[in-house]
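Here are the chains, one letter per residue:
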Amino acid sequence: MMPASNQLSPIDPILQGLSTEPILGQLPATAMRKPTLAAITSKLQLTASDLEAVQRRVKELEVENTTLKANHQLLEGKVEENLKKTKTVCENIWNELGQVKCALENSKKRRRDEEDEDEDDEGVGSSSEEDEDERKVKEVVEAGEQSKKYAATNAFKGVIRLMFQQAMGCPTLKGKDLPPYPEIEEEWPLRPSDSTKMTRFRWDRPFNNKDNWKNILKISTEILQNGAQALPEAAKAITKVSEKDRIEKVRKKFTTLAQAYKTEIKKETVVVVSDESDGEADEGGNGTTTKAIKKAPDPPVKQTKATFQSRAKGKLAVRLRKREALPTDHRLRSKKYDTAMVATLMSDDEDAYDDLGKKIPHRFVSRPPAYRSQGLETFYQDLDKEKDPQPGDWYLERVVGETKDTPPPASSSKFENKARRWMVSTVWLAKDGNGKYDDGRIIDSGILWGDAKDPEDVQRLLKRVKLEKEEQAVKKEKDALKTGMEKSKGKGKAKAKAKNGANLGPLTSRSWSGPPSDMYDSG
């Protein structure tokens, strides 16, 4: 059926001014073909798959929505519960504030009533705050006056003196008896009773020196804790004297003792007054002259063996630090010198004195032993020239003194404390009377010095041989004892058998004197 003439076709050639033939000729061949059934089926399958995915997603969203609703309801419940609790707490606080307010108002009312009563009863009693403060001030003033009063008593002065004597371990507190502060590397004096350190003051320094102040406080505490037991008549004074006054009294005592010590030390000159004048009178105008002459030196204090040992340990510690700080390939770090690093081989450090006989602080005179070889002496001298990596707070000077005629260290069970042969001068050993010290005091130098064996190995071998001999001797003694016991046991058995046989006699027919039938009769 053809379209009506009044209807317009979108492809009418007249209206479009175009021919249908060219347009159809320009379309591609695929556009002219109809879609196949397979293509339509595939497209429908894809669409169905997308639809299923959408449905699944919708279900998931529905589940999530349900979960969110449940959570929302739960949170609403918790928020409501918390709000109720908060409201309850606020109400309780409000009630408590109300109670506090009421109590405060009642307290104010009672105070006003009491003040009114005090005004009515004016002149009765003395219980005001001003009176209480005055009473406390009065008590403090009285306690202070009592403290100063008891601190000035002879009993309290006596307990201070006693505590100083006990702390320092000196018989009196005279300047000549006051002990000096130990020098570096000296052993600290100990109490014989408990081996604790005795107290030592630095008399040449003020009381606020850290060592002096520490000792002042220490003695003050000793007075408080043990003073009554040491001096019972001072017990009451100790309880009445305040801590401040007690420390001040101890401080003043230290100052007095320090002055006495310094006065004793300064006694280096004596003054001589002579009537012989050189024609000029002195300022006094009496024609006499005053001369100061040197006092004869006091004999040096003899150092004890313990003092020398203590100083030797200090000197060894310095040398060990210097040696360990050297490079490992340094000549002085050779293992052959290890045997020289022991305290028993150090030289004695004696106190140094000036021309007036006064001890020079921080200076020792090192006196090397006469037996020492040049090799050992050179080793020590080269090592002493090295820098100390950890110098102490005090500078200690050592000056080389005269050689000391002392033999090698006495025999010791420890090999490391003995002198090796390379350390001993052959010239000294060859002198008359010195050969007797080659009796075990001097041992071989060792492999590093050219010996076939080290003395330690030889000693171990000798000990092992000695131990084996002792074990053999013990074993031989046990064997001999065992053999003797067996012989004694055998002899005992023989004697017992012989004794029994003598008593009974041999049971034979020849020794039987009765009828033969009675020989076997059981009775």
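Shown above is the structure to which this text applies.
Below is a summary of the structure that appears in this document. (Residues numbered from 1 in each chain as written. Predicted model: local features only at pLDDT ≥ 70, side-chain atom pairs only at ≥ 80, totals over all residues. Heavy atoms only, no water.)

Here helix H6 (residues 154-168) spans 21 Å end to end across 15 residues, near enough to the 21 Å set by a 1.5 Å rise per residue. Of the residues making up H6, those classed as buried are Phe156, Gly158, Val159, Ile160, Met163, Phe164, Ala167 and Met168. (Helix = DSSP H or I, 4+ residues; strand = E, 2+ residues; numbered from the N terminus. Expected span 1.5 Å × (residues − 1). Buried < 20%, exposed > 50% of the residue type's maximum accessible area, 1.4 Å probe, protein only.)

If you trace the backbone, asparagine 212 turns up in helix H7 (residues 210-230). Since its relative accessible area comes to 0%, asparagine 212 is described here as buried. At 2.9 Å, the side chain of asparagine 212 forms a polar contact with the backbone oxygen of proline 206. Once you skip the residues sitting within four places of it in the chain, asparagine 212 turns out to touch Phe201, Arg202, Arg205, Pro206, Phe207 and Phe254. (Polar contact = N/O pair within 3.5 Å; in protein donor to acceptor, adjacent residues only side chain to side chain. Contact = heavy atoms within 4.5 Å.)

Time to look at the packing of helix H10 (residues 305-325) against helix H11 (residues 374-384). Closest axis-to-axis distance for the H10/H11 pair is 10 Å, and the angle between their directions is 75°. When the interaxial angle is binned, H10 and H11 end up roughly perpendicular. Between H10 and H11, the contacting residues are Arg319, Lys322 and Arg323 on the first element and Phe379, Tyr380, Leu383 and Asp384 on the second. The class makeup of the residues in the contact of H10 with H11 is 3 nonpolar, no polar and 4 charged. (Axes fitted to C-alpha atoms, helices over the stretch in contact; angles between N-to-C directions. Parallel < 35°, antiparallel > 145°, perpendicular 65-115°, else oblique. Nonpolar A, V, L, I, M, F, W, Y, C, P; charged D, E, K, R; others polar.)

Here the structure, examined in full by the defined rule, presents 24 salt bridges. The salt bridge partner of aspartate 245 is lysine 148, with a shortest N-O separation of 3.7 Å. Of this pair, aspartate 245 sits in helix H9 (residues 243-265) while lysine 148 sits in helix H5 (residues 129-151), and the two are 97 residues apart along the sequence. Within this structure, Asp348, Glu350, Arg367 and Lys404 form a network of salt bridges that share partners. (Salt bridge = Lys/Arg side-chain N within 4 Å of Asp/Glu carboxyl O.)

For the rest of this paragraph, the subject is the sheet that holds strand E4 (residues 359-367). Across the sheet, 3 strands lie side by side as E3-E4-E5; this open sheet has mixed pairing. Either end of the sheet is taken by a strand with one partner, and the two such strands are strand E3 (348-353) and strand E5 (397-400). Direction aside, the axes of adjacent strands within the sheet are offset by 40° on average. Of the pairings in the sheet, the one linking E4 to E5 comprises 4 bridges and is parallel in character. Looking at E5, one finds that phenylalanine 364 is bridged to arginine 398. Sheet strands in contact with H10 are E3, E4 and E5, and its direction is about 105° off that of E3. (Pairing = 2+ DSSP bridges.)

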